[in-house]
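Understanding the architecture of this molecule
These are the residues of each chain, in order.
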Amino acid sequence: MSDCLFCGIIDHRIKGDIVYRDDSVVAFRDILPRAPVHILIVPRKHIATVMDLEPDDLGLIGDIFRVAALLARDEGIAGTGFRVVVNCGRNAGQRGRPGRSLGHNGKPGRHPGPLHPRG
Ligand SMILES: [Zn+2]
């Protein structure tokens, strides 16, 4: 979606510090990290919020957690612990403006609040 920050990063129209990509998901570092490791893992498919998930999207959830575990190992936080967070909506930190950290959402048509492995 053309006005979506995350889609812009996925499509390389917007610069992002991408740390992982495959056919299903893309992961990049948060622009305002709230922990030493703060990575956003988003599906390539534009899904505005958790509330917009459809039955066919459920495999993406597994893909995101698979990548969260992989990145936790790569980033050296698998043994010490980390959180995997999903934000949905403005009150959960999903914002429309880049630079406000979590979610980058809050407007219709934006990407979902991503999963954040934070360690
Ligand atoms: Zn999007």
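**As for the overall build of the protein chain**
Within the protein chain, the regular secondary structure consists of two helices and five strands. Per-residue burial over the protein chain gives 34% buried out of 119 residues.

**Notes on the pairing of strand E2 (residues 25-29)**
In terms of burial, E2 is a largely internal element, four of the five residues being buried. In terms of strand pairing, strand E1 (residues 18-21) meets E2 through three bridges, oriented antiparallel. What sits directly across from Ile-18, in E2, is Phe-28. The hairpin turn running from E1 into E2, its antiparallel successor, is three residues long.

**As for the environment of Ala-27**
Here Ala-27 lies in strand E2. Owing to 23 C-beta atoms within 10 Å, Ala-27 belongs among the buried residues under this scheme. With 17 residues separating them along the chain, Ala-27 and Ile-10 place their C-alpha atoms 8.9 Å apart. Ala-27 has contacts with Ile-18, Val-19, Tyr-20, Ile-39, Leu-40, Ile-41, Val-67 and Leu-71, leaving out every residue within four places of it along the chain.

**A look at the nonpolar core**
In terms of nonpolar packing, the biggest core is built from 21 residues, with Phe-6, Val-25, Ala-27, Ile-39, Ile-41 and Val-67 touching the most fellow members. Those elements giving two or more residues to this core turn out to be helix H1 (5-10), E2, strand E3 (39-43) and helix H2 (58-75). Contact partners of Val-25, with chain neighbours within four places excluded, come to Ile-41, Val-42, Pro-43, Arg-44, Asp-63, Ile-64 and Val-67.

Each value, and the rule that gives it
Residues numbered from 1 in each chain as written. Predicted model: local features only at pLDDT ≥ 70, side-chain atom pairs only at ≥ 80, totals over all residues. Helix = DSSP H or I, 4+ residues; strand = E, 2+ residues; numbered from the N terminus. Buried ≥ 20, exposed ≤ 12 C-beta atoms within 10 Å, placed from the backbone. Pairing = 2+ DSSP bridges. Contact = placed C-beta atoms within 7 Å. Core = buried A, V, L, I, M, F, W, Y, C linked by C-beta atoms within 7 Å.

Geometry only, nothing functional implied.
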